[in-house]
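A look at the structure
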Amino acid sequence: MANQSMRGLRPVGTLTGASWSESIRWYPCTTGALIGRFAPVILDTTGNVNCSSLDTAPLANLLGVAVVFERITGRWRPGDTLNLAGSEFPKLSAKYHAVGDGAMYVGVVVDPNVIYEVQASGVVGAVTNVGATCNILDPAGVDQGLSNAAINVTSLGVSADAALKIVDIPYRVDNDLTLTNAKFLVVINKSLFAGGVAGI
(Lines give C-alpha, C1' and ligand atoms only; values in the text may rest on other atoms or scores of the structure.)
Protein backbone atom coordinates (compact mmCIF):
# COMPACT_ATOMS: atom_id res chain seq x y z
CA MET A 1 0.00 0.00 0.00
CA ALA A 2 1.11 3.57 -0.61
CA ASN A 3 2.80 5.48 2.18
CA GLN A 4 0.80 8.40 3.52
CA SER A 5 2.50 11.79 3.52
CA MET A 6 3.37 13.17 6.95
CA ARG A 7 4.88 16.57 7.70
CA GLY A 8 7.50 17.55 10.23
CA LEU A 9 9.21 15.75 13.11
CA ARG A 10 6.65 14.13 15.41
CA PRO A 11 7.84 13.18 18.93
CA VAL A 12 6.99 9.51 19.55
CA GLY A 13 9.22 8.30 22.40
CA THR A 14 12.71 8.38 23.88
CA LEU A 15 15.97 6.48 23.54
CA THR A 16 15.40 4.92 26.97
CA GLY A 17 12.22 3.23 25.74
CA ALA A 18 10.02 5.47 27.87
CA SER A 19 7.19 7.50 26.38
CA TRP A 20 7.77 11.17 25.61
CA SER A 21 6.71 13.05 28.72
CA GLU A 22 5.32 15.97 26.68
CA SER A 23 7.91 18.19 28.36
CA ILE A 24 8.63 21.44 26.52
CA ARG A 25 10.35 24.76 27.12
CA TRP A 26 8.96 28.11 26.00
CA TYR A 27 11.03 30.46 23.84
CA PRO A 28 10.11 33.71 22.08
CA CYS A 29 10.00 34.22 18.31
CA THR A 30 9.78 37.48 16.40
CA THR A 31 7.43 38.86 13.76
CA GLY A 32 9.55 37.84 10.78
CA ALA A 33 9.78 34.13 11.60
CA LEU A 34 7.87 31.42 9.73
CA ILE A 35 7.67 28.32 11.91
CA GLY A 36 5.31 25.40 11.30
CA ARG A 37 4.21 22.90 13.90
CA PHE A 38 6.76 20.07 14.24
CA ALA A 39 9.49 22.22 12.69
CA PRO A 40 13.13 21.88 13.79
CA VAL A 41 14.32 25.18 15.22
CA ILE A 42 17.48 26.92 16.35
CA LEU A 43 18.04 29.59 18.98
CA ASP A 44 19.55 32.69 17.39
CA THR A 45 21.90 35.23 18.95
CA THR A 46 18.96 37.40 20.07
CA GLY A 47 17.39 34.55 22.05
CA ASN A 48 14.58 33.96 19.53
CA VAL A 49 13.76 30.70 17.75
CA ASN A 50 13.65 30.31 13.97
CA CYS A 51 14.19 27.75 11.22
CA SER A 52 17.07 29.40 9.37
CA SER A 53 20.52 27.86 8.83
CA LEU A 54 19.15 24.31 9.01
CA ASP A 55 19.60 23.31 5.38
CA THR A 56 22.84 25.12 4.52
CA ALA A 57 26.41 24.44 5.61
CA PRO A 58 27.68 24.91 8.21
CA LEU A 59 24.60 23.68 10.03
CA ALA A 60 23.58 25.46 13.22
CA ASN A 61 23.03 23.42 16.37
CA LEU A 62 19.36 22.54 16.73
CA LEU A 63 17.49 23.73 19.80
CA GLY A 64 14.73 21.17 19.27
CA VAL A 65 11.32 20.84 17.62
CA ALA A 66 8.49 23.38 17.85
CA VAL A 67 5.22 21.73 18.87
CA VAL A 68 2.94 24.47 20.26
CA PHE A 69 2.51 28.22 19.88
CA GLU A 70 1.01 30.92 22.08
CA ARG A 71 0.58 34.63 21.51
CA ILE A 72 2.30 36.90 24.03
CA THR A 73 -1.15 38.04 25.16
CA GLY A 74 -2.42 34.47 25.47
CA ARG A 75 -2.99 32.23 28.45
CA TRP A 76 0.34 30.41 28.68
CA ARG A 77 3.69 31.74 29.86
CA PRO A 78 7.22 30.36 30.13
CA GLY A 79 7.34 28.11 33.17
CA ASP A 80 3.71 26.95 32.83
CA THR A 81 2.97 23.26 32.42
CA LEU A 82 0.81 22.19 29.51
CA ASN A 83 -0.86 18.85 28.74
CA LEU A 84 -0.33 18.67 24.97
CA ALA A 85 -2.38 15.49 24.57
CA GLY A 86 -5.28 16.67 26.73
CA SER A 87 -7.98 19.26 26.72
CA GLU A 88 -5.60 22.19 27.10
CA PHE A 89 -4.10 22.02 23.60
CA PRO A 90 -7.17 23.47 21.77
CA LYS A 91 -7.06 26.47 24.12
CA LEU A 92 -3.78 27.69 22.64
CA SER A 93 -4.16 30.92 20.70
CA ALA A 94 -2.15 29.88 17.61
CA LYS A 95 -1.38 26.68 15.66
CA TYR A 96 1.84 27.94 14.02
CA HIS A 97 3.77 31.18 13.53
CA ALA A 98 3.31 32.94 10.19
CA VAL A 99 5.42 35.88 9.00
CA GLY A 100 3.77 39.01 10.37
CA ASP A 101 1.93 37.22 13.19
CA GLY A 102 3.77 39.24 15.80
CA ALA A 103 5.84 38.00 18.69
CA MET A 104 4.85 34.66 20.21
CA TYR A 105 6.04 32.05 22.64
CA VAL A 106 6.99 28.74 21.05
CA GLY A 107 6.87 25.49 23.01
CA VAL A 108 9.95 23.49 21.98
CA VAL A 109 10.92 19.88 22.71
CA VAL A 110 14.59 20.28 23.69
CA ASP A 111 15.48 16.86 25.17
CA PRO A 112 18.14 15.31 22.86
CA ASN A 113 16.91 11.83 23.87
CA VAL A 114 13.48 12.30 22.28
CA ILE A 115 12.80 10.17 19.19
CA TYR A 116 10.88 11.70 16.28
CA GLU A 117 9.07 10.09 13.38
CA VAL A 118 9.79 11.86 10.09
CA GLN A 119 9.37 11.00 6.45
CA ALA A 120 12.08 10.87 3.81
CA SER A 121 12.18 13.29 0.89
CA GLY A 122 12.60 10.42 -1.57
CA VAL A 123 13.11 6.67 -1.65
CA VAL A 124 15.63 5.42 0.91
CA GLY A 125 14.83 1.74 0.55
CA ALA A 126 17.39 0.14 2.86
CA VAL A 127 17.35 -1.02 6.45
CA THR A 128 21.13 -0.50 6.38
CA ASN A 129 20.49 3.25 6.73
CA VAL A 130 19.67 2.77 10.41
CA GLY A 131 22.60 4.37 12.21
CA ALA A 132 23.25 6.83 9.39
CA THR A 133 23.18 10.59 9.87
CA CYS A 134 21.31 12.98 7.59
CA ASN A 135 20.27 16.57 7.11
CA ILE A 136 16.86 18.20 6.83
CA LEU A 137 15.09 19.19 3.62
CA ASP A 138 12.85 22.29 3.65
CA PRO A 139 12.99 22.98 7.41
CA ALA A 140 11.31 26.37 7.04
CA GLY A 141 8.56 25.23 4.68
CA VAL A 142 5.00 25.33 6.03
CA ASP A 143 1.79 23.86 4.57
CA GLN A 144 -1.53 24.35 6.39
CA GLY A 145 0.36 25.18 9.57
CA LEU A 146 2.54 22.05 9.55
CA SER A 147 6.27 21.95 8.88
CA ASN A 148 7.45 20.46 5.58
CA ALA A 149 10.71 19.24 7.16
CA ALA A 150 11.82 15.82 5.92
CA ILE A 151 14.96 13.68 5.76
CA ASN A 152 17.13 14.84 2.86
CA VAL A 153 17.93 11.47 1.27
CA THR A 154 20.85 12.94 -0.68
CA SER A 155 22.60 13.73 2.61
CA LEU A 156 22.60 10.21 4.12
CA GLY A 157 26.06 9.41 5.46
CA VAL A 158 28.14 9.26 8.62
CA SER A 159 28.95 12.92 9.31
CA ALA A 160 28.95 13.95 12.96
CA ASP A 161 27.88 17.43 11.79
CA ALA A 162 24.60 16.16 10.29
CA ALA A 163 21.36 17.37 11.85
CA LEU A 164 19.69 14.02 12.51
CA LYS A 165 20.57 10.39 13.17
CA ILE A 166 18.34 7.48 12.10
CA VAL A 167 17.80 5.13 15.04
CA ASP A 168 15.08 2.81 13.75
CA ILE A 169 12.26 2.22 11.30
CA PRO A 170 8.54 2.07 12.11
CA TYR A 171 7.67 -1.45 10.97
CA ARG A 172 4.07 -1.06 9.80
CA VAL A 173 2.07 -2.13 6.78
CA ASP A 174 1.74 1.53 5.79
CA ASN A 175 5.52 2.13 5.74
CA ASP A 176 7.09 0.64 2.61
CA LEU A 177 10.78 1.60 2.34
CA THR A 178 10.75 1.03 -1.42
CA LEU A 179 8.24 3.88 -1.92
CA THR A 180 8.35 7.63 -1.37
CA ASN A 181 7.27 9.10 1.97
CA ALA A 182 8.77 6.24 3.98
CA LYS A 183 8.97 7.06 7.70
CA PHE A 184 12.03 6.79 9.94
CA LEU A 185 12.71 7.27 13.63
CA VAL A 186 15.41 9.84 14.32
CA VAL A 187 17.03 11.79 17.12
CA ILE A 188 18.59 15.23 16.86
CA ASN A 189 22.29 14.64 16.26
CA LYS A 190 23.60 18.20 16.05
CA SER A 191 21.95 19.44 19.23
CA LEU A 192 22.57 22.56 21.26
CA PHE A 193 22.60 20.29 24.30
CA ALA A 194 24.55 17.27 23.05
CA GLY A 195 27.49 17.04 20.65
CA GLY A 196 27.05 15.42 17.24
CA VAL A 197 28.11 11.79 16.86
CA ALA A 198 29.26 10.18 13.62
CA GLY A 199 26.97 7.64 11.99
CA ILE A 200 27.78 4.08 10.94
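Just so it is clear, the structure is predicted and the values come from calculations on it, not from any experiment. (Residues numbered from 1 in each chain as written. Predicted model: local features only at pLDDT ≥ 70, side-chain atom pairs only at ≥ 80, totals over all residues. Heavy atoms only, no water.)

As a further point, take the sheet that holds strand S11 (residues 150-157). If you walk across this open sheet you meet the six strands as S1-S7-S13-S12-S8-S11, and the pairing is antiparallel. Because the sheet does not close on itself, it has two edges, and the strands there are strand S1 (10-14) and S11. On average, each strand axis in the sheet is tilted by 50° relative to the strand beside it, whichever way the strands run. Two elements, strand S7 (residues 114-119) and strand S13 (residues 183-188), share four bridges in a ladder whose sense is antiparallel. Paired with Glu 117 across the two strands is Leu 185, which belongs to S13. (Pairing = 2+ DSSP bridges. Helix = DSSP H or I, 4+ residues; strand = E, 2+ residues; numbered from the N terminus. Axes fitted to C-alpha atoms, helices over the stretch in contact; angles between N-to-C directions.)

The antiparallel open sheet is built from five strands, whose spatial order is S2-S6-S5-S3-S4. One side of each edge strand has no neighbouring strand; the edge strands of this open sheet are strand S2 (25-29) and strand S4 (49-50). Of the strand pairs in this sheet, strand S5 (residues 64-71) and strand S6 (residues 104-109) are connected by six bridges, and their pairing is antiparallel. Residue pairing across strands places Arg 71 opposite Met 104, the latter belonging to S6.

Another point: unusual backbone geometry. Its identity is not glycine, yet Phe 38 carries a phi of approximately 70°, on the positive side. Within the secondary structure, Phe 38 is located in the loop between S2 and strand S3 (39-43). What makes Phe 38 buried here is its relative accessible area of 8%. Non-glycine residue Asn 181 carries a positive phi angle of around 65°. Note on placement: Asn 181 falls in the loop between strand S12 (164-168) and S13. (Buried < 20%, exposed > 50% of the residue type's maximum accessible area, 1.4 Å probe, protein only.)

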